[in-house]
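Listed below are the residues making up each chain.
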Amino acid sequence: MLNLVLFGPPGAGKGTQALLLAQTFNLVHLSTGDLLRQEIAAKTDLGRIADEIISKGELVPDSIVISMIESKLKEPKTTVGFIFDGFPRTVPQAEALDELLARHQRKVSAMLCLDVVKEELIGRLLKRGLTSGRCDDMNAETIENRINVYNEKTAPIINYYEKQGKYYPIYGIGTVEEIAENLKQTVENI
Ligand code: C5P
Ligand code: MG
């Protein structure tokens with residue numbers, strides 16, 4: 001069973017590469033960002049709360065995203081594994097993921113971290129904002145805040161997985177195909 005965490009700062013290419021990895025290894029793709037955006041589009045109560053937080057570039061409370069993942073893991077599925085994209089975002093979320101997977105006799109196989117420098121991230125996010133329609137991609141202030149939130153609250157997760165021998169850094173600049181190939185080879189050698 002293969003359960004991958006695809007990690008990295010906003011704009012690192014997690015969404016793009018998660019879809020490719022899901023195809024290559026036949027995994028179910030779970031993106032908390034996509035799930036939250038679905039709630040926003042459906043104008044649910046949760047969507048209204050999430051919209052306000054996301055447009056500021058802040059993080060939705062742990063309890064909310066953890067229960068979203070919990071209900072997805074409960075859905076009966078025959079799958080060889082999952083790829084988590086944009087989750088965990090905090091150390092408590094990483095701990096909760098371990099607990100949730102353990103309940104299903106699963107565990108995280110590897111954390112793949114896409115490394116991209118800040119200047120490149122800002123350029124990519126502003127460019128994406130022109131077509132994605134995502135309000136959090138269009139505003140330079142929100143982008144800056146997302147990167148700061150990543151450095152403060154999300155990056156400490158690296159140490160959490162490093163201690164477990166599950167941290168695999170991947171150079172995140174290059175063509176989509178090149179990065180996909182690096183990720184594939186890394187996963188094949190786990
Ligand atoms: O993962 P993605 O970049 O698509 O997430 C978009 C936004 O959703 C984040 O900037 C954050 O505001 C919110 N989010 C969150 N907690 C998560 C995943 C996403 O707060 N675990
Ligand atoms: Mg994403």
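None of these values were measured; they are calculated from a predicted model.

The next point concerns the site of ligand 1. In the vicinity of ligand 1, 14 residues are found, and the nearest of them are Thr32, Arg37, Glu58, Val60 and Arg89. In the environment of ligand 1, a nitrogen atom lies 3.3 Å from a nitrogen or oxygen atom belonging to the side chain of Thr32. Contacts to ligand 1 include Arg37, whose side-chain N or O atom sits 2.9 Å from an oxygen atom. Out of a free accessible area of 450 Å², ligand 1 has 95% covered by protein chains. When residues in the shell around ligand 1 are grouped by element, the largest group, four residues, is from helix 2 (residues 32–41). Considering only residue class, the shell around ligand 1 consists of five nonpolar, four polar and five charged.

Turning to helix 2, a few remarks are in order. It helps to recall that an α-helix has 3.6 residues per turn; residues three or four apart then point in one direction. All of the buried residues in helix 2 are Thr32, Gly33, Leu35 and Leu36. For helix 2, the arc enclosing every buried residue in end-on projection is 165°, short of the 170-degree limit, so these residues lie on one face. Along helix 2, exposed side chains directed more than 90 degrees from the buried face belong to Gln38 and Ala41. Turning to helix 2, the residues buried within the fold contact strand 2 (28–31), helix 3 (45–56), helix 4 (62–74) and strand 3 (81–85).

Evaluated as defined, the whole model comprises three aromatic pairs. With 5.2 Å between their ring centres and 90° between their planes, Tyr160 and Tyr161 make a pair best called edge-to-face.

The next subject is unusual backbone geometry. Cis peptide bonds are those with omega within 30 degrees of zero, and the linkage from Phe87 to Pro88 qualifies with -5°. With respect to the secondary-structure elements, Pro88 resides in the loop between strand 3 and helix 5 (91–103). One non-glycine residue with positive phi stands out, namely Lys43, at about 55°. Examined against the element boundaries, Lys43 turns out to sit in the loop between helix 2 and helix 3. Of the residues examined, Lys43 reaches a relative accessible area of 63% and is grouped as exposed. For Gln105, which is not a glycine, the phi torsion comes out positive at approximately 50°. Inspection of the secondary structure puts Gln105 in the loop between helix 5 and strand 4 (110–115). Classification of Gln105 as exposed rests on a relative accessible area of 67%.

Conventions used here
Residues numbered from 1 in each chain as written. Chains lettered and ligands numbered in written order. Predicted model: local features only at pLDDT ≥ 70, side-chain atom pairs only at ≥ 80, totals over all residues. Heavy atoms only, no water. Near = heavy atom within 4 Å. Polar contact = N/O pair within 3.5 Å; in protein donor to acceptor, adjacent residues only side chain to side chain. Areas by Shrake-Rupley, 256 points an atom, 1.4 Å probe, with all protein chains shown as cover. Helix = DSSP H or I, 4+ residues; strand = E, 2+ residues; numbered from the N terminus. Nonpolar A, V, L, I, M, F, W, Y, C, P; charged D, E, K, R; others polar. Buried < 20%, exposed > 50% of the residue type's maximum accessible area, 1.4 Å probe, protein only. Arc of directions from axis to C-beta. Contact = heavy atoms within 4.5 Å. Phe/Tyr/Trp six-rings, centres within 6.5 Å; stacked < 30°, edge-to-face > 60°.

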